[in-house]
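If you want the building blocks of each chain, they are given just below.
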Amino acid sequence: MPSHPTSADTALSYLSVREPLCPQETDCIMTAAGLSSRMGEWKMMLPWGSGGATLLDTSLSNALRFCHRVLLVTGFRGAELAARYQSVKRIQILHNPDYETGLLSSQHLAAQAVTSEYCFLTHGDVPFLTPAIWQTLWAQRGDAALLPCYKQVPGHPVLLSRACLLAALSQPAGNTMKKRLLAGPHTFLNMQSDEVITDIDTPEAYQQHYRG
């Protein structure tokens, strides 16, 4: 695989985006805490796109084009991510010391920092989320969790109210956020593209979708 760019200057340049498209203050929880065990190497800093951008840079840029703030949850090699993004004003870094217990612990940590009425929920390895996807979901927001789907497969980003998020996390059953959301009020929104379900989780996926 290509070598990993590490410059914080690259991140600052890549994430210097225009004003967000969302008409009201909206947070996005983005998790980037895991070990990348299925990839076989740390995937967040894998090269992606031009100009020295990484996979996580791309996912952050996509979120910041629509949302006002990204709550970036780190864990494994969290100090490296903090060094890269700590100067980006619209990114709040939250370190999860319990990241090895699973994704839900990272989402629970970030949920406590959400201040907006609605928030999006996604991962750092989903790099194809265009502004149109975020806008389509925003236009259909409501009281229930809204999950984009492609050919009946739920994907990202999920849009939900802060109240809905906290209610899902307070449930005693369900060891994943998806299970908890599906146990409560939720709506599926059919999308016309597989971008909402395409994550870069394995070497095969990276080689198939890599944009250099």
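Scoring rules and cut-offs
- Residues numbered from 1 in each chain as written.
- Predicted model: local features only at pLDDT ≥ 70, side-chain atom pairs only at ≥ 80, totals over all residues.
- Heavy atoms only, no water.
- Buried < 20%, exposed > 50% of the residue type's maximum accessible area, 1.4 Å probe, protein only.
- Helix = DSSP H or I, 4+ residues; strand = E, 2+ residues; numbered from the N terminus.
- Pairing = 2+ DSSP bridges.
- Axes fitted to C-alpha atoms, helices over the stretch in contact; angles between N-to-C directions.
- Parallel < 35°, antiparallel > 145°, perpendicular 65-115°, else oblique.
- Left-handed = near helix turned anticlockwise from the far one by under 90°.
- Contact = heavy atoms within 4.5 Å.
- Nonpolar A, V, L, I, M, F, W, Y, C, P; charged D, E, K, R; others polar.

With an unreviewed UniProt entry as reference, the chain is termed Molybdenum cofactor guanylyltransferase MobA, source organism Morganella morganii.

**Some words on the pairing of strand β4 (residues 118–123)**
Taken residue by residue, a regular strand's side chains alternate between the two faces of the sheet. In terms of residue burial, β4 counts as a mostly covered element, since six of its six residues are buried. Of the two faces of β4, the one carrying Y118, F120 and T122 and the one carrying C119, L121 and H123 are both buried. Of the strand pairs in this sheet, strand β1 (residues 27–32) and β4 are connected by five bridges, and their pairing is parallel. Pairing of I29 across the sheet is with L121, part of β4. The pairing of β4 with strand β7 (residues 158–161) spans four bridges and is classified as antiparallel. Within β7, the position partnered with Y118 by the bridge is S161.

**Details of the packing of helix α2 (residues 55–66) against helix α5 (residues 131–139)**
Closest axis-to-axis distance for the α2/α5 pair is 9 Å, and the angle between their directions is 45°. Comparing the axis directions of α2 and α5 gives the class oblique. Our pair here, α2 against α5, has a crossing hand that is right-handed. Contacts between α2 and α5 involve N62, A63, R65 and F66 from the former and P131, W134, Q135 and W138 from the latter. Residues that form the contact of α2 with α5 fall into these classes: five nonpolar, two polar and one charged.

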